[in-house]
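If you want the building blocks of each chain, they are given just below.
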Amino acid sequence: MRFKLIIITFISLSISLHTQAQQMGKEELKSMEKSNSAFKGGINGVSQPGLNLPPEKMQWWQNAKFGMFIHWGLYAIPASGEWTMFNKKISPEEYAKLADQFKPRSFNADRWAAIAKAAGMKYMVMVAKHHDGFAMWNSPSSYHHFNSMETAAHTDFIAQYTEACRKAGLGVGIYYSPMDWRFPGYFDPKGLPENAALMKQQAYGQVEELMKNYGKIDILWYDGGWLAHKGTDADAAWFWEPLKLNAMVRKYQPDIVINPRSGMFGDFQVNEGGAEVKGPILEFPWEKCLSLNGTGWGFTKAQNLMSVKSILQMLVNVVDRGGNMLLNVGPDPDGIIPPAHVALLTDVGKWLDKNGKSIYGTRAGPFEPVDSLYGSTHKDNKIYIHLIKSDKATTELHLPKYDRQIRSCRILKGQNLKFSQDKNGIDISIDSKELDPAVTTIVLTCAD
Ligand code: H79
């Protein structure tokens with residue numbers, strides 16, 4: 001009964017936060033923002049009643065927990081990251097020559113989907129267009145026909161990708177950056193309004209194509225809603241008019257989950273980059289996105305891969321604080337996800353095969369996480385503790401006072417553990433031989 005109450009409290013908390021977010025939520029969210037610097041500048045955005053999803057339509061996404069991000073485009077050829085055009089000051093004419101060379105020999109979206117599934121991922125988000133402007137689909141709105149249909153590849157990659165996701169039972173996500181370095185107006189929207197208007201026209205046309213022509217899309221992941229690389233996405237709302245843009249999106253895709261980077265308040269919040277996740281449970285939907293290759297999102301020659309352990313610790317640190325994790329891979333110019341990345345993902349999938357019950361469909365808590373040591377999730381009458389083995393990890397784990405009686409305690413899919421519970425909390429003894437090298441899951445069963 002108690003447990004149900006806790007769950008109800010959770011749900012109603014998130015409902016009230018969500019409802020406030022839709023109507024007037026900026027003040028509440030500002031204080032949350034202060035409590036978590038990772039969201040600095042992220043929790044804002046214009047809003048309008050009815051444009052964000054109600055909590056019940058976010059449940060599938062919050063249950064899914066783990067997705068694959070794919071950065072793949074012309075920038076795979078120079079292999080120095082998706083910012084190459086800008087960083088190396090390559091002119092649009094020069095950069096466009098890459099489109100003549102982009103003829104992937106091994107693109108196979110089913111293979112990507114199979115890799116994601118084997119890793120335990122439940123959805124994918126593929127970059128349809130990054131800041132360089134190249135569209136990975138048949139895009140009539142593309143400025144100067146800069147798309148994969150009308151250049152050497154002659155392929156609609158988004159068509160194949162969306163079909164492959166659906167066939168594999170994965171959520172279908174599309175990343176779209178409305179900004180475009182090819183337009184001088186991007187860098188000076190007030191000084192060059194006509195040129196900037198062409199960029200905006202392209203963005204509206206392309207978002208419509210993506211929402212209209214590829215069946216049901218589950219996630220729209222905007223990026224680069226800022227202008228001239230300055231300020232926040234919300235600061236640029238005067239230019240992009242994201243309420244208008246997303247009203248159009250909702251016309252085609254009423255249930256699509258939209259991130260906050262169009263400048264409109266998001267259905268979830270975004271925390272980007274590989275920094276360790278710390279702090280309390282957050283009561284709103286959020287997502288950590290990061291690349292498993294530390295040197296970039298797009299394919300790069302230089303590789304600085306995360307370890308299986310760091311990926312899994314990141315995953316539980318996120319999930320135990322109420323978030324999802326979107327882990328990026330960058331396929332090579334031929335469309336192949338590098339074998340070393342696949343090997344890592346396969347190992348992540350093996351851990352999830354064994355420990356997935358503590359991740360999918362759960363909600364964070366009831367215990368607040370202890371940074372770099374443990375966190376918890378719950379579902380039905382089970383509480384899952386993710387013990388992160390680190391220097392601080394101990395074979396004696398102490399959990400705070402808990403009102404419900406714990407009936408049993410064991411390692412998930414492993415042996416029973418000795419434990420005691422009193423008014424000071426719960427003490428659990430773990431044989432260090434039982435510890436998983438990355439994350440050990442302990443399951444507590446509560447009395448009914
Ligand atoms: O698509 C990935 C990034 O390219 C994109 N978001 C993820 C998902 C992104 N766009 N802008 N930013 C991230 C923030 C910009 C960071 C910058 Fe830099 C730091 C721009 C200039 C300095 C990183 C380093 C990029 C270029 C140099």
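Residues numbered from 1 in each chain as written. Predicted model: local features only at pLDDT ≥ 70, side-chain atom pairs only at ≥ 80, totals over all residues. Heavy atoms only, no water.

A. Representation of the sheet that holds strand S15 (residues 425-429) in the model. Spatial strand order, S12-S15-S14: three strands in an open sheet with antiparallel pairing. Both edges of this open sheet fall to strand S12 (396-399) and strand S14 (418-422), since each of them pairs with a single strand only. Neighbour-to-neighbour, the strand axes of the sheet open up by a mean angle of 15°, direction not taken into account. Sheet analysis places S14 next to S15, joined by five bridges and oriented antiparallel. Looking at S15, one finds that Lys418 is bridged to Ser429. (Pairing = 2+ DSSP bridges. Helix = DSSP H or I, 4+ residues; strand = E, 2+ residues; numbered from the N terminus. Axes fitted to C-alpha atoms, helices over the stretch in contact; angles between N-to-C directions.)

B. Highlighting the sheet that holds strand S2 (residues 123-129). In spatial order, the strands read S5-S4-S3-S2-S1-S8-S7-S6; together these eight strands make up an open sheet with parallel pairing. The two strands at the open ends of the sheet, each matched to only one other strand, are strand S5 (257-258) and strand S6 (269-272). Pairing of strand S1 (residues 66-70) with S2 involves four bridges; the strand directions are parallel. Bridge pairing in S2 links Met68 to Met124. Lying over the sheet, helix H12 (residues 242-252) contacts strand S4 (219-222) and S5, oriented at roughly 160° with respect to S4. Those strands touched by helix H13 (residues 308-319) are S1, strand S7 (286-291) and strand S8 (323-329), and its axis lies near 150° from that of S8. (Contact = heavy atoms within 4.5 Å.)

C. Highlighting a positive patch on the surface. A surface patch of positive charge is lined by Lys354, Lys357, Lys379 and Lys413. Summarising the element assignment, Lys379 is placed in strand S10 (residues 374-379). Judged by its relative accessible area of 36%, Lys379 falls in the partly exposed class. (Patch = residues over 30% accessible without salt bridge, like charges linked within 9 Å, V, L, I, M, F, W, Y side chains within 5 Å. Areas by Shrake-Rupley, 256 points an atom, 1.4 Å probe, with all protein chains shown as cover. Salt bridge = Lys/Arg side-chain N within 4 Å of Asp/Glu carboxyl O. Lys, Arg positive; Asp, Glu negative; His and termini not counted. Charge placed at Lys NZ, Arg CZ, Asp CG, Glu CD. Buried < 20%, exposed > 50% of the residue type's maximum accessible area, 1.4 Å probe, protein only.)

D. Fine view of the pairing of S10. Among the six residues in S10, five count as buried, and that is most of the element. Judged from the two bridges that link them, strand S9 (residues 363-364) and S10 form a sheet pairing that is antiparallel. Within S10, the position partnered with Ala364 by the bridge is Thr377.

E. View of the packing of aromatic side chains. Counting across every chain of the model gives 25 aromatic pairs. Between Trp137 and Tyr176, the aromatic rings sit 6.4 Å apart at their centres with planes inclined by 70°, giving edge-to-face as the arrangement. Of the two residues, Trp137 sits in the loop between S2 and helix H8 (157-168) while Tyr176 sits in strand S3 (residues 171-176), which places them 39 residues apart along the sequence. Across the pair, Tyr176 and Trp137 agree in class, each one buried. Ring geometry for Trp238 against Phe239: centres 5.7 Å apart, planes inclined by 70°, an arrangement best described as edge-to-face. With a relative accessible area of 48%, Trp238 lands in the partly exposed category. A network of ring pairs unites the aromatic residues Trp72, Phe102, Phe107, Trp112, Phe134, Phe146 and Phe157 as a single cluster. Across the ring face of Tyr360, the terminal group of Lys122 is positioned such that the distance to the ring centre comes to 4.2 Å. (Phe/Tyr/Trp six-rings, centres within 6.5 Å; stacked < 30°, edge-to-face > 60°. Lys NZ or Arg CZ within 6 Å of the ring centre and 35° of its normal.)

F. Highlighting the site of the ligand. What surrounds the ligand is the set Phe69, His71, Glu82, Trp83, Asn87, His130, His131, Tyr175, Asp223, Trp226, Glu272 and Trp297. A distance of 2.8 Å separates an oxygen atom of the ligand from a polar atom in the side chain of His130. At a separation of 2.7 Å, a nitrogen atom of the ligand approaches a polar side-chain atom of Asp223. Tallied by class, residues from the shell around the ligand come to five nonpolar, four polar and three charged. (Near = heavy atom within 4 Å. Polar contact = N/O pair within 3.5 Å; in protein donor to acceptor, adjacent residues only side chain to side chain. Nonpolar A, V, L, I, M, F, W, Y, C, P; charged D, E, K, R; others polar.)

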